[in-house]
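Spelled out from the first residue to the last, the chains are:
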Amino acid sequence: MTPLVDPSAELPGFSVPVHRALTEPILLGGAPRSIAILNGTLAAALGLGLRLWLVGLALGAIGHFAAVWAARRDPMFVEVTRRHLRISSHLSV
């Protein structure tokens, strides 16, 4: 019978420090970067371009709130949604 090996034990010479920025998604104000930029661009286009100030502010606030809420539940929700939309036909039953 072989003895059980502790998986959390480190082997000398085989541990590498990884910076936190390499493992966490990039967020702007709590929302994923791409969604925050898209949301801000749409809100600015409505507010400045079409002169619908209240609609632009409301869209910006609601869109950012929704993106922050989704990012708190799953920080990688944008990548998961893209993958789901790309290969959804392969996963249908």
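What counts as what
Residues numbered from 1 in each chain as written. Predicted model: local features only at pLDDT ≥ 70, side-chain atom pairs only at ≥ 80, totals over all residues. Heavy atoms only, no water. 1 Å grid on protein atoms, 1.4 Å probe; cavity = no way out; pocket = protein on both sides within 12 Å on 5 of 7 lines; lining within 4 Å. Points joined across faces, edges and corners; volume = space filled by probe spheres on them. Helix = DSSP H or I, 4+ residues; strand = E, 2+ residues; numbered from the N terminus. Nonpolar A, V, L, I, M, F, W, Y, C, P; charged D, E, K, R; others polar. Salt bridge = Lys/Arg side-chain N within 4 Å of Asp/Glu carboxyl O. Buried < 20%, exposed > 50% of the residue type's maximum accessible area, 1.4 Å probe, protein only.

A. Summary view of the layout of surface pockets. As a volume, the largest pocket reaches approximately 160 Å³. Every residue lining the largest pocket is listed: Pro 25, Ile 26, Leu 27, Pro 32, Arg 33, Ser 34, Pro 75, Met 76, Val 78, Glu 79 and Arg 82. Of all the elements in the fold, those that place two or more residues in the lining of the largest pocket are helix 1 (33-49) and helix 3 (77-91). When residues of the lining of the largest pocket are assigned to their parent elements, the largest contribution, three residues, is made by helix 3. Per-class residue counts for the lining of the largest pocket are seven nonpolar, one polar and three charged.

B. Seen up close, the pattern of salt bridges. Counted under the stated rule, the structure contains one salt bridge. Between Arg 20 and Glu 24 there is a salt bridge, with its nearest N and O atoms 3.1 Å apart. Relative accessible area serves as the criterion here: at 41%, Glu 24 is assigned to the partly exposed category.

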